[in-house]
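Topology and contacts: notes
For reference, the chains in residue letters:
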Amino acid sequence: MPPTDYEESDIDAKPTTNKKRDRNKRRKYDVYYDNSTMKIGPSEIRENDDDDETTSLLLVQNGTKTIDDKYNYVFIIALIEGIGLLLPWNLFMCSKAYFIDYKLLPAGNADYRINFLSYAGLASQIPNAILNFLNLFTEKTGNANANGRITASILIMSGLFGVTVAFAIIDTTDFEETFFFITLVIIALINMCTGVWGNCYFGIIAQFPSRFLNATMTGQISSGLITSILMVVTKTGAPPRTAGIFFFISAILVCLLCFIFYLSLPCSLYFRSMYKPKSNTTEERLSTYEGLPYMKTFKKTWYNLFDVWLLRVVSLALYPAILVEIEQCDPNFFIPSHLYSDVIYIMFSICNITGGLMSFPFPKPSAKYMGLTVWLRLLAIPFFLLCNYRPGNRGNVPVVFFNDWLFWFVLIVYTVANGHAAGLTMVYAKQAAGEDKMMQKTAGMMAAFAQSIGFVFAHMTTLICNYLLVNL
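Anyway, here's the lowdown on the structure attached to this text.

How each quantity is defined
Residues numbered from 1 in each chain as written. Predicted model: local features only at pLDDT ≥ 70, side-chain atom pairs only at ≥ 80, totals over all residues. Heavy atoms only, no water. Axes fitted to C-alpha atoms, helices over the stretch in contact; angles between N-to-C directions. Helix = DSSP H or I, 4+ residues; strand = E, 2+ residues; numbered from the N terminus. Parallel < 35°, antiparallel > 145°, perpendicular 65-115°, else oblique. Left-handed = near helix turned anticlockwise from the far one by under 90°. Expected span 1.5 Å × (residues − 1). Bend = angle between axes of the 7 residues up to and from the residue. Buried < 20%, exposed > 50% of the residue type's maximum accessible area, 1.4 Å probe, protein only. Contact = heavy atoms within 4.5 Å. Nonpolar A, V, L, I, M, F, W, Y, C, P; charged D, E, K, R; others polar. Disulfide = S-S within 2.5 Å. Lys, Arg positive; Asp, Glu negative; His and termini not counted. Salt bridge = Lys/Arg side-chain N within 4 Å of Asp/Glu carboxyl O. Polar contact = N/O pair within 3.5 Å; in protein donor to acceptor, adjacent residues only side chain to side chain. Phe/Tyr/Trp six-rings, centres within 6.5 Å; stacked < 30°, edge-to-face > 60°.

Orientation of helix α12 (residues 294-318) relative to helix α17 (residues 437-471), taken along the N-to-C sense of each, is 30 degrees, at an axis distance of 7 Å. It follows from the interaxial angle that α12 and α17 lie roughly parallel. Between α12 and α17 lies a crossing whose hand is right-handed.

Here it is as structure tokens:
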């Protein structure tokens, strides 16, 4: 144990020697652990793990003080990491004009061009889910190996986006089908890295108070708005080739930003107090080689994990593949027809962020009733399919809701509710695990895996809906 000039049983005891006093002055901000007690220099800190939003740690030294996340540094980084985690998927989903109307245009009515978004979604989320699963069951109780996996994943992603930039520069007219399959491989590899990064990161952030996990989810939602704005700006002011280069260079910069900020986290005293990157006792070092409490955690959180999964299925089945292909009904509607899909992109993202921010002051409904609200969202799938979706390619299925105002009203309400629930479902999964740090970490990783599986089922649901729409 690090030297201290106070006895553990009495924090007001006087220092024993001047040498020890000087050494403790130099080690004022060193953080170390003694069973359930965390210490900073000569002061004792008792952990308050009730997910209180303002006091996570109590400093006992001549009274009670609060150790806060100074300048919200860790909170802001959690937001940035969330943006980076979902940015790859959003970039490819918002690059419809670049791929379908430019790179794959010579393919005409080929299936891989018409359903590019669905194929790209499957290529991204299936590898993501597989790597989430493998990482979940190869992670140990210690956190040290997570740091290496996260940093390596971010750097590999940056390199793969560099390859994508190179293909944006190259003329692929003579081998558009080969380019399509190469693109799917790149998407798969990028999202494998995202799977490892996300699973490790959620295991770490789940050990912090709930607002940090909610900040990460808000960051994921915000990445959709960032890519939507980039899409509209590049679409109106740049040719598709230039837009593609700009898109993927932006992805490289975001990845590097996430890399730098993640490495800077230990600079925060609050982060070092909450996060235990390595074991400090022989007993803890030995426990590092034991497995995480999977079954015990799953028995406590399975209901909440199901909510995480189902919410992602409904949300990603609709956006963007279905929603952005709903066309204008009234030619005199105030949104021009050529900007209709662009406004859907932006409005979906803005409403999602609004809902996510509302979950901070209004964390309702409770975990007990969250499942009911998630099940009700299933009604959104048939509603939007019966709107003016692909009016020229829907077989015998009629357009029932032929009204722009109704469509936009339901879209806004649904999207705000979706953003509100996205963070809460992850938080409830973490809270259901109880106060044990290892169970919280396992719950966070399981929630990340449930989310990735939800993405896979969402894209499969989209393909099934499109098939039924054409063949019924």
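After that view, the rundown keeps rolling.
As a further point, take helix α2 (residues 73-93). Helix length check: α2, at 21 residues, gives a terminal C-alpha distance of 30 Å against a target of 30 Å (1.5 Å per residue), a fit within 8%. Taking the largest bend as the criterion, α2 deviates by roughly 45 degrees, centred on L87, and proline P88 comes between one and four positions later. Burial analysis of α2 places 18 of its 21 residues in the buried class, the great majority of the element.

With that settled, the discussion passes to the packing of α12 against helix α14 (residues 367-376). Two elements in contact, α12 and α14, have axes separated by 10 Å at closest approach and are oriented at 25 degrees. The angle between α12 and α14 places the two elements in the roughly parallel class. Relative to α14, the crossing made by α12 is left-handed. Packed against α12, whose contacting residues are Y303, N304, F306, D307, L310 and L311, the element α14 presents A367, K368, M370, G371, V374 and W375 at the interface. Of the residues in the contact of α12 with α14, the class split is eight nonpolar, two polar and two charged.

Looking now at the state of the cysteines. Tallied over the full model, the rule gives zero disulfides. Counting only cysteine sulfurs, C329 is the nearest neighbor of C387, a cysteine outside any disulfide, at a range of 7.3 Å. Given a relative accessible area of 1%, C387 falls into the buried group.

Further remarks concern the side chain of R394. Inspection of the secondary structure puts R394 in the loop between α15 (380-385) and α16 (404-432). Look at R394: it is buried, it has no salt bridge, and the nearest opposite charge is E327 at 9.4 Å. From its side chain, R394 meets the backbone oxygen of P398 in a polar contact 3.1 Å long.

Attention now goes to the packing of aromatic side chains. Using the criterion set out here, one finds 36 aromatic pairs in the structure. For the pair F75 and F212, a centre-to-centre distance of 6.2 Å together with 65 degrees between the ring planes defines the contact as edge-to-face. Of this pair, F75 sits in helix α2 while F212 is found in helix α8 (residues 210-237), placing the two residues 137 residues apart along the sequence. Here F212 falls in the buried class, since its relative accessible area comes to 0%. Aromatic pair F333 and F334: ring centres 4.7 Å apart, planes at 50 degrees, arrangement tilted. Overall, the relative accessible area of 58% leaves F334 in the exposed class. Members of the aromatic cluster, connected to one another through ring pairs, are Y98, F99, Y102, F116, Y119, F161, F167, F179, F180, F181 and F248.

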